[in-house]
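Observations on the model geometry
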Amino acid sequence: MKFDTIIIGGGLSGLTCALRLQAGGRRCAVISAGQSALHFSSGSFDLLGLRADRSEIESPLDEVKHLREMHPYHKLGDKLPHYAAQAESLLAQWGIRVKGDARKNHFRYTPMGGLRPTWLTFSELAVADDSNACPGERVLVANFPGFLDFNTSFITDALCSRGAKCEVCLLDMDSVNRLRVSSTEMRAANIAKVFESEEALGELIAKINQMADGYDCVVLPAVFGFSDAGLATRIEEGVRTGVAFLPAMPPSVAGIRTQKQLRTEFERMGGVFIPGDEVVRADIEDGEVKKIYTRNHGEMGFSASNYVLATGHFMSGGLKADAQGVYEPVFGSDVYYLADRGEWFDKDFFRPQAYSTFGVETDAHCKVLFGARASKNLYAAGSVLCGADAMHELCGGGVSLLTALYVADEILK
């Protein structure tokens, strides 16, 4: 099977690159091994949120120049603001409803009730202008009985520490309680499917209104809108007090919805999405990828003019480690890592971990290196790239989106 470009990895970075290329007239295929990191999203795309000393960044575009030399953002140079604005525009065009601006971070709530700086947040989630904000002075924190992924104790403690007066209530509904027959069913995605029903949605709004008198705001878990982000708006319009949706622990309803929307848009544009398959090897001649082979298709290879590696970091299997070191399992490309395993991590869990910056090495155009020489037609995008510490810099979403758009432009040129 032959395509103009084959993207390996069906997450945020892979699909963003594929959509941009497809819109540019290239025939693309995306090969996806499994769930993307979007399924575990906590509600926002970060551009750059924290400095090395853990202080919060207000204007991320102004801070990029202070990042380590090998950070992926430096490959974009003075085009970084352009790609940030393009990402905001394209997400809206693809039906992904977010709020935010690359020129100034806002704060979004965490599943623990805290606030952290970010770039773009899913439209239904509560946000704030500063790290000491609360959704109201008197707050009712509501949850469903048995839903353990929304910890009301942590949330009320966090809100009370910032001056709110909080109480907790349970939304006891038969339509949701039926999920408790199996503990594995009492998850955010399953609850979201219950409220696809108009009857269940109406019952929820009525129940909240019965409990919400005297409160400024009702805090709810963000488990609504599996197919449509507008469901949260309908709840806000139906409830007589203010409503603030806070993210629950994964799986993420908004993240799963986003993954589905991106894939649907890609296929609508004529792209080929191949789910549940894994690239296992490649034919490479003199730095040029000739063909790739997948687990499901055996010796029937895939060929293209260009290839994009967007397989993610360790969690997604884009990088692997063994006793000999760290390697990229598909192409065997050059990988940056520290030779001394004792330097890979810090025993203080909350300090930056060196392994977070490990990843595939590329040239300035994001072409993958083999023996320090740039490939002729293999690019890398997203968290598989070396140099970023997504957890401690709060930059993961930005690296995924912006490098994907940059790579797409490099290919289109």
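Here is a short report on the structure shown in this document. Quick caveat: nothing in here was measured; it's all calculated off a predicted structure.

1. Structural notes on the environment of Gln 22
Within the secondary structure, Gln 22 is located in helix α1 (residues 12-23). Note on Gln 22: relative accessible area 12%, which makes it buried. Taking the C-alpha atoms as reference points, Gln 22 and Ala 408, 386 residues apart in sequence, are found 9.5 Å from one another. If sequence neighbours within four positions are ignored, Gln 22 has contacts with Arg 27, Cys 28, Phe 266, Met 269, Gly 270 and Gly 271. A distance of 3.3 Å separates a polar side-chain atom of Gln 22 from the backbone oxygen of Met 269.

2. So, a negative patch on the surface
On the surface, Asp 172, Asp 174, Glu 199 and Glu 203 cluster together to form a negatively charged patch. Considering the arrangement of structural elements, one finds Asp 174 in helix α6 (residues 174-177). Note on Asp 174: relative accessible area 59%, which makes it exposed.

3. Description of the nonpolar core
Ranked by internal contacts, the top residues of the largest apolar core, which has 106 residues, are Trp 119, Phe 144, Phe 195, Leu 220, Phe 224 and Leu 402. The element that contributes the greatest number of residues to this core is helix α12 (residues 396-412), accounting for nine residues. Residues in contact with Leu 220, not counting those within four places in the same chain, are Ala 142, Phe 150, Leu 171, Ile 208, Ile 235, Val 243, Ala 244, Phe 245 and Leu 246. Judged by nonpolar contacts, the second largest core, of 27 residues, contains Ile 6, Val 330, Leu 378 and Leu 385.

Calculation criteria
Residues numbered from 1 in each chain as written. Predicted model: local features only at pLDDT ≥ 70, side-chain atom pairs only at ≥ 80, totals over all residues. Heavy atoms only, no water. Helix = DSSP H or I, 4+ residues; strand = E, 2+ residues; numbered from the N terminus. Buried < 20%, exposed > 50% of the residue type's maximum accessible area, 1.4 Å probe, protein only. Contact = heavy atoms within 4.5 Å. Polar contact = N/O pair within 3.5 Å; in protein donor to acceptor, adjacent residues only side chain to side chain. Patch = residues over 30% accessible without salt bridge, like charges linked within 9 Å, V, L, I, M, F, W, Y side chains within 5 Å. Areas by Shrake-Rupley, 256 points an atom, 1.4 Å probe, with all protein chains shown as cover. Salt bridge = Lys/Arg side-chain N within 4 Å of Asp/Glu carboxyl O. Lys, Arg positive; Asp, Glu negative; His and termini not counted. Charge placed at Lys NZ, Arg CZ, Asp CG, Glu CD. Core = buried A, V, L, I, M, F, W, Y, C linked by side-chain atoms within 4.5 Å.

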